[in-house]
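Each chain, letter by letter, is given below.
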Amino acid sequence: MTETAANSAQGRPAKSNGKKGKKLGFFARMALFFRQMISELKKVVTPTRSELLNYTLVVLVFVAIVMLIVTLLDLLFGMGVGWVFGGSGPRES
């Protein structure tokens, strides 16, 4: 692992100190992971109220469209199975 995300300047890779393929120990890898995680979390931007409402509406509309498509496909496949196997539904004895 390299420390490009945590310790590099302006996107340049970190210097390797002349040792190629140097293996890091377990705790060094964990420390690197947490440094990189904190670095990425600092880049997170909280959306404004209007952006949040807009994103929520987009998600709800998308979910409704997908539900409609799945419902139509379910009805279509159900009618197809009924046609292939000759049944019109459950029968009472």
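Scroll up a little and you will see the structure.
Note that the structure is a prediction, hence the values are computed from the model and not measured.

Enquirer: Honestly, the overall build of the protein in this entry has me stumped. Any pointers?
Expert: When its secondary structure is counted, the protein shows three helices and zero strands. Secondary structure elements of the protein, listed N to C terminal, follow the sequence α-α-α. In the protein, which comprises 93 residues, the proportion classed as buried is 1%. Summing over all exposed atoms, the protein offers an accessible surface of approximately 8,900 Å²; the carbon and sulfur share of this is 67%.

Enquirer: Hey, could you run me through helix α3 (residues 49-85) in this one?
Expert: At 3.6 residues per turn, the α-helix brings residues three or four places apart onto the same side. Taking 1.5 Å per residue, 37 residues should reach 54 Å; α3 reaches 53 Å between its end C-alpha atoms and fits that length. A positive backbone phi angle near 75° is found at Gly-86, which sits one or two residues after α3.

Enquirer: I tried to follow the pattern of salt bridges on my own but got confused; where do I start?
Expert: Between side chains of opposite charge, a pair can form when the charged atoms approach closely. Counted under the stated rule, the structure contains one salt bridge. With a shortest N-O distance of 3.2 Å, Glu-40 and Lys-43 are connected by a salt bridge. Owing to a relative accessible area of 41%, Glu-40 belongs among the partly exposed residues under this scheme.

Enquirer: It is not clear to me how the packing of aromatic side chains should be interpreted in this structure. Could you clarify?
Expert: The geometry of an aromatic ring pair is captured by two quantities: the separation of the ring centres and the angle between the planes. Under the criterion given, the structure shown has two aromatic pairs. Note on Phe-26 and Phe-27: the rings are 5.3 Å apart at their centroids and 75° apart in plane angle, and the pair reads as edge-to-face. On the basis of relative accessibility, which here comes to 68%, the residue Phe-27 falls in the exposed class. Pairing Phe-33 with Phe-34 gives two aromatic rings, centres 5.4 Å apart and planes at 70°, and the pair type is edge-to-face.

Enquirer: Help me understand a nonpolar patch on the surface, please; the structure alone is not making it clear to me.
Expert: On the surface, a nonpolar cluster with roughly 930 Å² of combined accessible area is contributed by Phe-26, Phe-27, Met-30, Phe-33, Phe-34, Met-37, Ile-38, Leu-41 and Val-44. Summarising the element assignment, Leu-41 is placed in helix α2 (residues 26-41).

Calculation notes
Numbering of residues begins from 1 in every chain and follows the order in which that chain's sequence is written. Where totals are concerned, whole chains, interfaces and linings use all residues; where local detail is concerned, this predicted model gives features only for residues with pLDDT of at least 70, and gives and counts side-chain atom pairs only at 80 or more. Water and hydrogen atoms were dropped before computing side-chain values, which therefore reflect all heavy atoms in the structure. The helix count covers DSSP runs of H or I at least four residues long, the strand count covers runs of E at least two residues long, and both are numbered beginning at the N terminus. Partly exposed describes any residue whose relative accessible area lies between the buried limit of under 20% and the exposed limit of over 50%, with all areas from a 1.4 Å probe on protein chains only and scaled to the type maximum. Only the protein chains shown count as cover for residues, and all accessible areas are computed by the Shrake-Rupley method using a 1.4 Å probe. Expected span of a helix: the number of residues minus one, times 1.5 Å. The salt bridge definition used is simple: a Lys or Arg side-chain nitrogen within 4 Å of an Asp or Glu carboxyl oxygen. The criterion for an aromatic pair is that two Phe, Tyr or Trp rings (for Trp, the six-membered ring) have centres within 6.5 Å, with stacked assigned to planes under 30 degrees apart, edge-to-face to planes over 60 apart and tilted to the rest. In this analysis, a patch consists of residues with relative accessible area above 30% that form no salt bridge, clustered at 9 Å for like charges and at 5 Å for the nonpolar side chains Val, Leu, Ile, Met, Phe, Trp and Tyr.

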